[in-house]
Amino acid sequence: MHIVVCVKQVPDTKIIKINPKTNTLDRRSAPAILNPYDAHAVQEAVKIRAKTGGSISVLSMGPPQATAVIKKSIEIGADRGYLLTDRAFAGADTLATSYALSKALERIEKDLPVDMVICGKHAIDGDTGQVGPGIARRMDIPPITSVIEVTEVNPQEKTVLLKRKLTSGYEFIKSEMPCLLTVEKEINEIDYSPMPNMIKAARYEPIIWTVNDLENVERTKLGLKGSPTIVGKMFTPPRPEGGKKLEGTTSQQVSQLMEILLEKKDLFTISKA
Amino acid sequence: MSEKFDVIVVGAGPAGTACSLACARQGLNVLLIERGEYPGAKNVMGGVLYRQQMEELIPEFWKEAPLERPVVEQRFWMMDKESVVSFGYKGLEWAVEPYNNFTVLRAKFDQWFANKAVEAGALLINETVVTECIVENGQVIGVRTDRPDGDVYADVVVLADGVNSLLSKQLGFHKEFRPDEVALTVMEVINLPKEKINDRFNLADNQGCTIEIFGDSTKGNLGTAFLYTNKESLNIGVGTTLSSMIKAKLKPYELLDYLKNHPMVSPLIAGGESAEYLAHLIPEGGFHSVPKVAGNGVVVVGDAAQLVNAIHREGSNMAMHSGLLAAEAIIEAKKRGDYSESSLNSYREALYNSFIIKDLEKYKDAAHTFEKYPQYFKEYVPMMNQAASKFFTVDGTPKRDKQKQIIKNMTAERGTLRVLQDIYRAWKAVK
């Protein structure tokens, strides 16, 4: 069983500042971290490996300092990590990124066949959630998004049982392997990494690939050149107005609340689609 | 799997990082364990980094280290409620290489410094708490961490775990420190545009100023306040011994607020935006509080060994130098293949022969004297202010009469004999 987890280095958007002039993220204002969803993806791979055996590779694309997220993945329990780093990859949107990552996966697969790819649901800086399905499409394997439970993995039969989150409810799926999962945070709790993993990660040197290490690459599909996305406009949404505090005795507060609820009842009506 | 290293260093502050760097450079297998998210995440100091001891480790470090400003001016303020007597020195010889000292922000600096140890070959592990030393037959043989499979082993464990040093306490090297042996310092980093800082403190770009403030800055209690200039921010803070704080029922944040709103201080920080709030204990017990620093398989460095000279606000330089001395002793011990206390005692000898313990010994009674006799901060600072006000006020009184009057006022308030006693006592404490 060989699982590849795709990870991304992102600015910590909990504390990042927005440049008020350009409306873009001021990336210097926040530390770079492993995308939280991707951390859960690595953790899930560790859980699967504990049952099935095998190994975990992580794959990332980014500037040289993105080796930090590969080391972090080794802390969580990955066995090895690859970083695609090259000027040719710079400025990539989700289309160009998924192309580059799928080419890297092709290369990884030549050494060791891949049974499963796991990605985080989306990156917290872009929030698109397109790269995972983009990779699956290019690899011609089933994409299964928003997974919240890997119920059973059967390496002999090459099947996997999964639970997906939908907008209203859940879905249970049996899929063939190889397949690609994107996972929600609730899929697992991240373990406090054992000391040997920490030492291994501190020592670990990720495998660095440039565009020349990939085969049959169409350079026009990479980086800025391969990115048709155009950002039309960016703006900071207005802050929501403050709420209203209800005062008085409990019964007064309740009657005030009822009045408000009745007044705004349209907000609570479930529309029939 | 439990690995064995040559050296495990607990704590990636100046002492631990210096020791790791020096050991790694000699080819030793070093594991540096830090409890914070990254080195510097939990470290606090007022913000002055001295050149000499840093340069022993990294020559010409100012060319690449994340420093704020070289200090060209040091001011000392004796502050009363609505006045201040100030003196200081500004020299442009400090504005050029090799400089004298620098203001730094520890969160940035410590990260850079620890990375130097990593480049030299040390392994750095963050977010990991060492819970105890592993002791076998009286010899420290490793540490236990709070992680699963958390035991790691080494020939020598270096305790650089800071002021409270729970680890050396566990080994019986010291008892719980008394409230008069530690100071509690609170500080804020206040963002202010570079141009405003340059104007308000009379500085050019890449020139910094430090102000040490005595007297009303601590409401007359034993301690000091400080105001240092960074590139685009100010560090302002105040600290007193924990015992003074308890006795005077002071709340540290109230003291900092009092300082920030003081009429002598508030114009300098006006319009600034508070960016960070930090608090930390500082070991100020001095010479008498230095614990046992070497044992079987273990040495203690930096704040953990209480190596701070409160009078001269030196600490991080002493920490670095103690780390370096410990590294030299460990390298010698490795050559001998002997990690017993008697072998590692060469660190203790080196420490006691260095400026560190010599300086602490010079001031061994200072804190005690000033704590026991609060008149120095409580009475003499206001008296100095009154004297200066009288002397410099032009009111037709001849200057000689003014001098007489000033001396008369001082001795009238405390009595001639007591003034002479106070002067003698203070001189004895710092001679």
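Each value, and the rule that gives it
Residues numbered from 1 in each chain as written. Chains lettered and ligands numbered in written order. Predicted model: local features only at pLDDT ≥ 70, side-chain atom pairs only at ≥ 80, totals over all residues. Helix = DSSP H or I, 4+ residues; strand = E, 2+ residues; numbered from the N terminus. Buried ≥ 20, exposed ≤ 12 C-beta atoms within 10 Å, placed from the backbone. Contact = placed C-beta atoms within 7 Å. Nonpolar A, V, L, I, M, F, W, Y, C, P; charged D, E, K, R; others polar. Pairing = 2+ DSSP bridges. Axes fitted to C-alpha atoms, helices over the stretch in contact; angles between N-to-C directions. Parallel < 35°, antiparallel > 145°, perpendicular 65-115°, else oblique. Left-handed = near helix turned anticlockwise from the far one by under 90°. Domains from an automatic or database assignment.

### Things to note about unusual backbone geometry
The phi torsion of most residues other than glycine is negative, and most of the peptide bonds are trans. Put simply, A:Met177 and A:Pro178 share a cis peptide bond, and its omega is 0°. Of note, A:Pro178 is situated in the loop between strand 11 (169-176) and strand 12 (179-183). Cis peptide bonds are those with omega within 30 degrees of zero, and the linkage from B:Glu97 to B:Pro98 qualifies with 5°. The phi torsion at B:Tyr99 lies on the positive side, around 65°, for a residue other than glycine. Located in the positive-phi region is B:Lys249, a residue other than glycine, with phi close to 50°. Summarising the element assignment, B:Lys249 is placed in the loop between helix 6 (242-247) and helix 7 (252-260). Residue B:Lys249 is classed as exposed on the basis of its 7 C-beta neighbours within 10 Å.

### Re the interface of chain B and chain A
Of the residues lining the interface, twelve residues belong to chain B; the matching set on chain A comes to nine residues. The element that contributes the greatest number of residues to the side of chain B that touches chain A is strand 7 (residues 123-125) of chain B, accounting for three residues. Each residue belonging to the side of chain B that touches chain A can be placed in one class, and the counts come to six nonpolar, three polar and three charged.

### Things to note about the sheet that holds strand 8 (residues 116-120) of chain A
In sheet architecture, strand pairing relies on hydrogen bonds along the backbone and comes in two forms, parallel and antiparallel. Residues and elements named next belong to chain A. Pairing is mixed in the open sheet, where nine strands are placed in the order 11-10-9-12-8-1-6-7-13. A single partner strand is all that each edge strand has here, and the edge strands are strand 11 and strand 13 (207-209). Mean inter-strand twist for the sheet, computed between neighbouring axes without regard to direction, equals 30°. Across five bridges, strand 8 lies against strand 12 in parallel orientation. Paired with Gly120 across the strands is Val183, a residue of strand 12. Helix 3 (residues 94-111) rests against strand 1 (2-7), strand 6 (55-61), strand 7 (80-84), strand 8 and strand 13 of the sheet, and its axis sits at about 145° to strand 6.

### Describing the packing of helix 1 (residues 14-25) of chain B against helix 3 (residues 106-119) of chain B
Residue and element names in this part refer to chain B. Where helix 1 meets helix 3, the axes come as close as 8 Å, and the angle between the chain directions of the two elements is 20°. Classed by the angle they form, the pair helix 1 and helix 3 counts as roughly parallel. When you trace helix 1 past helix 3, the crossing you get is left-handed. Two secondary-structure elements touch here, helix 1 through Thr17, Ser20, Leu21 and Ala24 and helix 3 through Phe113, Ala114, Lys116 and Ala117. The class makeup of the residues in the contact of helix 1 with helix 3 is five nonpolar, two polar and one charged.

### Quick word on the pairing of strand 13 (residues 223-229) of chain B
Residue and element names in this part refer to chain B. With seven of its seven residues buried, strand 13 lies for the most part within the structure. Alternating residues of strand 13 divide into Gly223, Ala225, Leu227 and Thr229 and Thr224, Phe226 and Tyr228, and every residue in both groups is buried. Pairing geometry for strand 12 (residues 208-215) and strand 13, over four bridges, is antiparallel. By the bridge assignment, Ile211 is partnered in strand 13 with Leu227. For strand 13 and strand 14 (residues 233-241), the ladder comprises seven bridges, and the chain directions are antiparallel. Bridge pairing in strand 14 links Thr224 to Gly239. Counting the residues between successive antiparallel strands, the hairpin from strand 13 to strand 14 contains three residues.

### What to know about the sheet that holds strand 12 of chain B
Residues and elements named next belong to chain B. Read across the open sheet, the seven strands follow the order 5-4-12-13-14-11-15; overall the sheet is mixed. Both outer strands of the open sheet, strand 5 (84-90) and strand 15 (273-283), are each paired with one neighbouring strand and no more. With direction set aside, neighbouring strand axes in the sheet form an average angle of 15°. Relative to strand 14, helix 7 is tilted by about 130°, and along the sheet it contacts strand 11 (182-191), strand 13, strand 14 and strand 15.

### Thoughts on the domain arrangement of chain B
Residue and element names in this part refer to chain B. Per the domain assignment, the segments making up chain B are domain 1 (4-68 + 104-176 + 288-353), domain 2 (182-283) and domain 3 (367-430). Look at where the C-alpha atoms of domain 2 and domain 3 centre, and you get two points 26 Å apart. If you look at the interface, domain 2 gives eight residues, while domain 3 gives six residues. Residue composition of the side of domain 2 that touches domain 3, by class: two nonpolar, six polar and no charged.

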